[in-house]
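Residue-level listing of the chains:
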Amino acid sequence: MEKLNEISELLQKGRAKNVAILVQEALDEGIDAKVILSDALLAGMGIVGEKFKKEEVFVPEVLIAARAMNKGVEVLKPYLQDSDSQGKGKAILGTVKGDLHDIGKNLVKIMLEGKGIEVIDLGTDVSAETFIEEAKKNNADIICCSALLTTTMPEMKRVVELVKSENLDVKIMIGGAPVNQDFCDEIGADYYTDDAASAADVAKSILEEAKC
Amino acid sequence: MKTILDIIQAKKEKLYATCNGHKTCGKCKIKVLENLSITQEESRFLTQKEIDEGVRLACCHEYLPDMHYEILNQDMDILEDISVDDLSDLKEEGNGLIVDIGTTTVVMKWISLINGESLKTVSFRNPQAVYGGDVISRIDYSSSHPHVLNQVLIEQLERNIQENIDFNIKRMIVCGNTVMTHLFIDCDISSLGHVPFDIPIPSTVHINSSQIFKTLTKTFDILTFPHIAAFVGGDITSGILALNIDQSIDDKMLVDLGTNGEIVVGNKEKIITTSTAAGPAFEGVGIACGGPSIPGAITEVKINDRHIEYKTIANQTAQSICGSGLISLIAELRRKDIIDDMGRFTSPIDKWNITENIYITRKDIQSFQLAKAAIQAGVTSLLQENGEVSEIYISGGFGAHVHIEDLIELKIFPEQYLEKIKNVKNSALSGAYVLLRTQDDKRLDQIIDKSQNINLASYPDFDDLLVEGLYF
């Protein structure tokens, strides 16, 4: 639909105010809120994610597009029923205990949502226990841990240990500037990715495998 | 397995290893004669030319006995001038020593207490830099290797004092951020590495030199600066003192353009401080052709039609772009519409060359943009909260070299402040000078009492300001 395409285009350009106005217009025209969410907002964000992966756009453009998406979602919120939107899977996301950096974590959230994955964002300074508790409570498929400080990376190891000791059927993904594949292997996490876009790709493939 | 970097660190050789062996910064370049195969990590950082010439990253290869390597990084150019008020009515016998322990550089200055003249200046790269470029990697390293960072620093300070023992020091003033100050007195700093970022000793430390320097026969008093918050340390307290912000009737602002991007706004009644987690882009870290302020680093760029003019430190052949060069370059690219307001190249290119080998990529501009947005959002929130200020001081490793017009072009500061922004030289060392001569440590306590540190993330609209700040 033309309106939805227009919203998607504006979102990709980061035009927050225009996105909010057009989402309201779309609602007034009687388009279903869920359709606006998936076919305009998430679709637009998905395109931004793809372009980001191909290095056609960069972090600043992703951040302004994400802000535009959030403004659109705010307008939609009252119209979205809590009708368990059968998503493609659930991921628990957070910056580990001791660390307050969240730009990277927020990028991962944007990219995962762009792939239609439901993200439960626990914010920053999240302990290993909280990751596990929330993963169990929400029946999550993936736990994603982010860290920027080298001093807080050891908390990721605790997440891995707790998941193992509780025998949870959940994959652990880790990322952040000081993290690398060596560290991932060393602590026994399932996946390390270099950036937010490849994190979303890996998460999607984890969920697709789980369905088979 | 021991890497070549481990061996270099053990031998205390000087190599700039920003991430301390996490294989994420690509800065610990060495040249090897052996034919070492390229690892996946280092292929991301090295050019084909470098690979062919035998350049490798010291953190990526196992050290084998009889291996030959050559360290490729050089030492830093250090800012060592100071600027303060006239204190000529303060006269006493003897000499004093002021020391600015920066994360990257250390400056020692012997001062005559009779006339306040500088007798001698010694500066050197902080020897801790081989264990990581930023404070977080130092905290990380010291948690597994207690006392090492203290020892390497003290050794070098002690040697310099010993070599200049004739100056007969009466007292020594030390300024530095929280991590540097605590490492100087050999205090455990692990609590500075994680939430809630507790400062082990926030107050001034009075200590006798015999407790720090074991071999010196003459003793003297040592005084450190108190800290305002974990990321707003004694160097900022010292800057407030030097610039008289705590005695000003009008509101004044101090902005430190560095990794933590500290911002101070205040007057004689009240001082607000904050830090902005700008990241190390201003120091040239994470920038393809970025680097520290060493000879050969580009500090300024001008583009006239198709002709590119640039200046380098010590007029040497251009080798990299340092922080001030990056600010100058990006401001000029914007001015000449080579990039748009989102930092994208306006023509279909993926990098823009200054010289044949030195260039800037969209990714570099992005790293810079995130750092600038953090500082800009901090400045904007404090100006919104506080109202107008009469003066803005820019400090930081290269604060003195930056052109104000460039900071305005990049929108870091609002245009109406063009005439009110001033570069300040080493404001931390200047504060140490003031304290050395006035001995007014009560004033330091008053500064701490007046100061309140705020967390910008809790500000309403801060996220919006951060996104706004991304635009040029």
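What counts and how
- Residues numbered from 1 in each chain as written.
- Chains lettered and ligands numbered in written order.
- Predicted model: local features only at pLDDT ≥ 70, side-chain atom pairs only at ≥ 80, totals over all residues.
- Heavy atoms only, no water.
- Helix = DSSP H or I, 4+ residues; strand = E, 2+ residues; numbered from the N terminus.
- Rg over C-alpha atoms; globule rule 2.2 N^0.38 Å.
- Buried < 20%, exposed > 50% of the residue type's maximum accessible area, 1.4 Å probe, protein only.
- Contact = heavy atoms within 4.5 Å.
- Lys, Arg positive; Asp, Glu negative; His and termini not counted.
- Charge placed at Lys NZ, Arg CZ, Asp CG, Glu CD.
- Salt bridge = Lys/Arg side-chain N within 4 Å of Asp/Glu carboxyl O.
- Disulfide = S-S within 2.5 Å.
- Buried area = accessible area lost by both parts, 1.4 Å probe.
- Nonpolar A, V, L, I, M, F, W, Y, C, P; charged D, E, K, R; others polar.
- Pairing = 2+ DSSP bridges.
- Axes fitted to C-alpha atoms, helices over the stretch in contact; angles between N-to-C directions.
- 1 Å grid on protein atoms, 1.4 Å probe; cavity = no way out; pocket = protein on both sides within 12 Å on 5 of 7 lines; lining within 4 Å.
- Points joined across faces, edges and corners; volume = space filled by probe spheres on them.
- pLDDT = per-residue confidence, 0-100.
- Parallel < 35°, antiparallel > 145°, perpendicular 65-115°, else oblique.
- Domains from an automatic or database assignment.
- Expected span 1.5 Å × (residues − 1).

> Which residues make up the overall build of chain B, and what values go with them?
Counting its secondary structure elements, chain B contains 14 helices and 20 strands. Relative to its length of 472 residues, chain B is compact, with a C-alpha radius of gyration of 22 Å against a globular reference of 23 Å. Reported as C-alpha extents along the three principal axes, the dimensions of chain B are approximately 60 × 60 × 40 Å. Here chain B holds 472 residues, and 59% of them are scored as buried. Pairs at least 24 residues apart make up 66% of the contacts formed inside chain B by residues separated by at least 6 positions. Taking the average place of the 43 positive charges on the side chains of chain B and the average place of its 66 negative ones, the gap between the two points comes to 3 Å.

> So, the pattern of salt bridges: which residues are in play, and what are the values?
For the coordinates displayed, the defined rule picks out 33 salt bridges over all chains. Across the salt bridge formed by Arg362(B) and Glu61(A), the nearest N and O atoms sit 2.8 Å from each other. Linking Arg362(B) in helix H10 (residues 362-386) with Glu61(A) in helix H4 (residues 59-76), this pair reaches from one chain into another. Judged by relative accessible area, Glu61(A) falls into the buried class, the value being 4%. The partner of Arg334(B) in a salt bridge is Asp337(B), and the shortest N-O contact between them spans 3.3 Å.

> Quick one: what's the story with the state of the cysteines, residue by residue and with numbers?
This structure, assessed with the given rule, holds zero disulfides over all chains. Cysteine Cys145(A) is unpaired, with the sulfur of Cys144(A) as its nearest cysteine sulfur at 7.5 Å. Free cysteine: Cys187(B), not disulfide-bonded; nearest cysteine sulfur from Cys175(B) at 18 Å.

> Before we move on, could you go through the interface of chain A and chain B and cite the residues and values that matter?
The interface of chain A with chain B comprises 26 residues on the first partner and 26 residues on the second. Summing both partners gives a buried area of about 2200 Å² for chain A against chain B, and 61% of it is carried by carbon and sulfur. The tally of links between chain A and chain B comes to seven salt bridges. At seven residues, H4(A) tops the list of elements feeding residues into the side of chain A that touches chain B. Tallied by class, the residues present in the side of chain A that touches chain B amount to 11 nonpolar, seven polar and eight charged.

> Account for the sheet that holds strand E18 (residues 391-395) of chain B, naming residues and giving values.
Residues and elements named next belong to chain B. A sheet is described by the order of its strands in space; here six strands give the open sequence E19-E18-E10-E11-E12-E20, paired in mixed fashion. Only two strands of the sheet have a single neighbouring strand rather than two, namely strand E19 (421-423) and strand E20 (451-453). Pairwise comparison of adjacent strand axes, ignoring direction, gives a mean angle of 20° for this sheet. The pairing of strand E10 (residues 252-256) with E18 spans five bridges and is classified as parallel. From the neighbouring strand, Val255 faces E18, where its bridge partner is Ile394.

> So what about empty space enclosed by the protein? Which residues, and what values?
Vacant regions in the atomic arrangement are exposed by a probe of water-molecule size rolled over the atoms. In this structure the tally under the stated criterion is five cavities of 30 Å³ or more. The calculated volume of the largest cavity comes to roughly 50 Å³. Residues belonging to the lining of the largest cavity are distributed by class as follows: five nonpolar, one polar and one charged.

> Lay out the confidence of the model for chain B in plain terms, naming residues and giving numbers.
All names here are of chain B. Of the residues in chain B, 94% have a pLDDT of 70 or more, and the chain-wide mean is 89. Counting interchain partners and residues more than four positions distant, the pLDDT-below-50 stretch residues 74-82 has 41 contacts. Note on the complex model: pTM 0.79, ipTM 0.72.

> Residue-level account of the packing of H4(A) against H10(B), with values.
Where H4(A) meets H10(B), the closest approach of the two axes is 8 Å, and the angle between their N-to-C directions is 55°. The angle between the axes of H4(A) and H10(B) places the two elements in the oblique class. On H10(B), the residues touching Val59(A), Pro60(A), Glu61(A) and Leu63(A) of H4(A) are Arg362(B), Gln366(B), Gln369(B) and Leu370(B). A breakdown of the residues in the contact of H4(A) with H10(B) according to their chemical character gives four nonpolar, two polar and two charged.

> Report on the domain arrangement of chain B, specifying residues and quantitative values.
By the assigned domains, chain B splits into domain 1 (4-71) and domain 2 (284-362). Here the C-alpha centre of domain 2 of chain B lies 26 Å away from the C-alpha centre of domain 1 of chain B.

> I'd like a rundown of helix H5 (residues 103-114) of chain A, residues and numbers included.
The periodicity of an α-helix, 3.6 residues per turn, causes residues three or four positions apart to be oriented the same way. All names here are of chain A. Its 12 residues place the ends of H5 17 Å apart at the C-alpha level, agreeing with the 16 Å of an ideal helix rising 1.5 Å per residue. When H5 is considered as a whole, its buried residues turn out to be Lys105, Leu107, Val108, Ile110, Met111 and Leu112. Phi turns positive one or two residues past the end of H5, at Gly116, with a value near 80°.

> Hey, could you go over the domain arrangement of chain A for me, with residue numbers and the actual values?
Residues and elements named next belong to chain A. For chain A, the assigned domains read domain 1 (2-79) and domain 2 (90-211). Using C-alpha coordinates to define each centre, domain 1 is positioned 26 Å away from domain 2. Listed by partner, the interface residues are 12 residues for domain 1 and 10 residues for domain 2. Carbon and sulfur atoms supply 79% of the area that domain 1 and domain 2 bury against each other, a total of about 890 Å² over both sides. Taken together, the connections running from domain 1 to domain 2 amount to two salt bridges. Residue Asp201 is joined to Lys53 by a salt bridge in which the shortest nitrogen-to-oxygen separation is 2.8 Å. Mapped by element, the contributors of at least two residues to the side of domain 1 that touches domain 2 are helix H3 (33-53) and H4. It is H3 that provides the largest number of residues to the side of domain 1 that touches domain 2, a total of seven residues.

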